[in-house]
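Given next are the chains, with one letter for each unit.
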Amino acid sequence: MLKMLFSLINDGYLFVIYNISIYENIKIIMITKIFIFFTLLFPSSRSMGTYCDICNEAIVTEYYIDAWGNKFHSRHLKNGIHCNTCSRIISKELTGGGFKFNDGRHMCNLCSQSMVNSEDLKIKSTTNVLKMFDDINLSLNQKLFSVNLVDRESLQASTYSISKHSKESIKGYTYYNNQKYIIEILWGLNQLEFEAVLAHELLHVWIDYNNIKLNKYKLEGFCNLGSGLVYDNYNLELAKVLKSSMKNNDDPIYGKGYKYMNSLLEIHGWDKLTNM
């Protein structure tokens, strides 16, 4: 068991969690990297009457606007701490503060309001995603898989030797053990982000169970459609920002693969795409 603690960025509290240990000596068949892109920033020229949304001081020189429409001095971009979910700069004015996990992740107080950090919340989110799959006539027996919440250190250690991606960006992966698919997802994600990761992983399960053979480009692109499905089911600004980030991802596998598979989805719809 591994102990995890939080440290605060602003006034708040301290949590303790004991996490599930990772299985050893198992065959890992899938890894997922979910890209959460840095907030799109656009430099703007001086504007009369413009004030910084972080410090409330007047802006008299070049400033930045993030994906949420927040304007701030360039110095905040350099010195600020960004939420690992929404990419806002964590501050009292923008997010009501936030906190830092002891594993290095940061979360603002806006995103922490719907954090998946318990078995009950995990089960609720799993039910949500399976309902979304039912709505597109994609059947997946829940007895085929289990979902575990894991700490970052365990997740990184388990994928270290088989992933070429940055350890900091991996939020979930799936392996097969004892006739069951085991899905490991990072503990403490925002609910929307958690469900997007889970949907991606469940499509890996669906692909493998149905013995469908795809190259990595098409495989990860198809599984990212699951994340897109989750975003489309929530009328939230965060969902729009995260889906936009996914669309603008230029990674040759996860980004361009998603764009290709999404183009097929737009032409054929889910029924035809899953039966091609």
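Residues numbered from 1 in each chain as written. Predicted model: local features only at pLDDT ≥ 70, side-chain atom pairs only at ≥ 80, totals over all residues. Heavy atoms only, no water.

1. Observations regarding helix H3 (residues 119–135)
Stated formally: Each helix is a run of H or I in the DSSP string that is no shorter than four residues. Each strand is a run of E no shorter than two, and both are numbered from the N terminus. Working rule for helices: expected span equals 1.5 Å times residues minus one. What makes two residues a contact is simply this: any of their non-hydrogen atoms within 4.5 Å.
When the terminal C-alpha atoms of H3 are compared, their 24 Å separation across 17 residues agrees well with the 24 Å that a helix rising 1.5 Å per residue should span. Those residues of H3 hidden inside the fold are in contact with strand S9 (145–150), helix H5 (191–209) and helix H6 (216–232). Immediately downstream of H3, the backbone of Asn137 shows phi near 60 degrees, a positive value.

2. So, unusual backbone geometry
Counted only if it meets this: We call a residue buried when its accessible area falls under 20% of the maximum for its residue type, exposed when it is over 50%, and partly exposed in between, using a 1.4 Å probe and counting protein chains only.
The backbone of Asn56 sits at a positive phi, close to 65 degrees, despite the residue not being glycine. With respect to the helices and strands, Asn56 occurs in the loop between strand S4 (42–44) and strand S5 (63–65). When its relative accessible area of 45% is taken as the criterion, Asn56 is described as partly exposed. The phi dihedral of Ser87 falls on the positive side, at around 75 degrees, and the residue is not glycine. Locating Ser87 in the fold gives a position in the loop between helix H1 (74–79) and helix H2 (92–95).

3. A look at the nonpolar core
The line we're drawing: Remark: nonpolar core denotes a set of buried residues (Ala, Val, Leu, Ile, Met, Phe, Trp, Tyr, Cys) joined through side-chain atoms within 4.5 Å.
If you look at the biggest cluster of nonpolar residues, it comprises 61 residues, and the most contacted ones within it are Phe133, Phe145, Leu202 and Phe222. What Phe222 contacts, discounting residues up to four positions off in sequence, is Leu203, Trp206, Ile207, Met261, Trp270, Leu273 and Thr274. With eight residues, the next largest nonpolar core counts Cys52, Phe72, Ile89 and Leu94 among its residues.

4. So, the state of the cysteines
Defined as follows: The criterion for a disulfide is a pair of cysteine sulfur atoms lying within 2.5 Å.
In total, this model carries zero disulfides according to the counting rule given. With no disulfide of its own, Cys86 lies 3.7 Å from the sulfur of Cys83, the closest cysteine sulfur. When its relative accessible area of 1% is taken as the criterion, Cys86 is described as buried. Cysteine Cys111 remains unbridged, with the sulfur of Cys108 as its closest cysteine sulfur at 3.7 Å.

5. Side note on the packing of aromatic side chains
Note the threshold: The pairing test for Phe, Tyr and Trp rings, Trp by its six-membered ring, is centres within 6.5 Å, and the orientation test on the planes gives stacked under 30 degrees, edge-to-face over 60, and tilted for anything in between. Whether a charge lies above a ring is judged from NZ of Lys or CZ of Arg, which has to be within 6 Å of the ring centre and within 35 degrees of the ring normal.
For the structure shown, the criterion picks out eight aromatic pairs. A network of ring pairs unites the aromatic residues Phe99, Phe101 and Trp187 as a single cluster. Stacked on the ring of Trp68, the Lys or Arg Arg88 has its end atom at 3.5 Å from the ring centre. Positioned over the ring face of Phe101 is Arg105, at 3.9 Å from the centre of the ring.

6. Some thoughts on helix H8 (residues 254–273)
Because an α-helix packs 3.6 residues into every turn, residues spaced three or four apart end up facing the same way. How we decide: The seven residues ending at a residue and the seven starting there each receive a fitted axis; the angle between those axes is the bend at that residue.
Over its 20 residues, H8 runs only 18 Å from end to end, short of the ideal 28 Å by more than 12%, given 1.5 Å per residue. A maximum bend of about 85 degrees is found in H8 at Ile267. When H8 is considered as a whole, its buried residues turn out to be Tyr254, Gly255, Gly257, Tyr258, Met261, Asn262, Leu264, Leu265, Trp270 and Leu273.

7. Details of the pattern of salt bridges
Note the following rule: Take a side-chain nitrogen of Lys or Arg and a carboxyl oxygen of Asp or Glu: if they are within 4 Å of each other, that pair is a salt bridge.
Scanning the model with the defined rule gives nine salt bridges in all. For Glu237, the salt bridge goes to Lys240, with nearest N and O atoms at 3.3 Å. Here Lys240 and Glu237 lie together in helix H7 (residues 237–247), a separation of three residues that amounts to about one turn. Given a relative accessible area of 47%, Glu237 falls into the partly exposed group. What makes Lys240 partly exposed here is its relative accessible area of 48%.

8. So, the environment of Tyr258
Within the secondary structure layout, Tyr258 lies in helix H8. Residue Tyr258 is classed as buried on the basis of its relative accessible area, which comes to 2%. With 37 residues separating them in the primary sequence, Tyr258 and Gly221 have C-alpha atoms 3.6 Å apart. Setting aside chain neighbours within four positions, we find Tyr258 in contact with Gly221, Asn224, Leu225, Lys243, Met246, Lys247 and Ile253.

9. Considering the packing of H6 against H8
Stated formally: The axes used here are C-alpha line fits, helices contributing only the stretch in contact, and every angle between their N-to-C directions lies in the interval 0 to 180 degrees. Each angle is binned into one of four classes, with values under 35 degrees roughly parallel, values over 145 roughly antiparallel, values of 65 to 115 roughly perpendicular, and all other values oblique. Take the far helix as the reference: if the near one is turned anticlockwise from it by less than a right angle, the crossing is left-handed, and if turned clockwise, right-handed. Residue polarity is assigned by list, with Asp, Glu, Lys and Arg as charged and Ala, Val, Leu, Ile, Met, Phe, Trp, Tyr, Cys and Pro as nonpolar; anything else, Gly included, falls into the polar class.
Direction vectors running N to C along H6 and H8 enclose 65 degrees, while the axes themselves pass 7 Å from each other. In terms of their interaxial angle, H6 and H8 are classed as roughly perpendicular. Both H6 and H8 take part in a crossing whose hand is right-handed. Facing Lys216, Tyr217, Lys218, Glu220, Gly221, Phe222, Asn224, Leu225 and Leu229 of H6, the residues of H8 in contact are Tyr254, Lys256, Gly257, Tyr258, Tyr260, Met261, Asn262, Leu265, Trp270 and Leu273. Taken together, the residues of the contact of H6 with H8 break down into eleven nonpolar, four polar and four charged.

10. Some thoughts on the confidence of the model for the chain
Inclusion rule: On a range of 0 to 100, pLDDT expresses the predictor's confidence in each residue.
For the chain, the average pLDDT comes to 82, and 79% of its residues sit at 70 or higher. Taken together, the stretch residues 1–7 has pLDDT below 50 and engages in 31 contacts with residues farther than four places along the chain or on a different chain. Ignoring residues within four places in sequence, the model shows residues 9–40, a span with pLDDT below 50, making 106 contacts including any to other chains.

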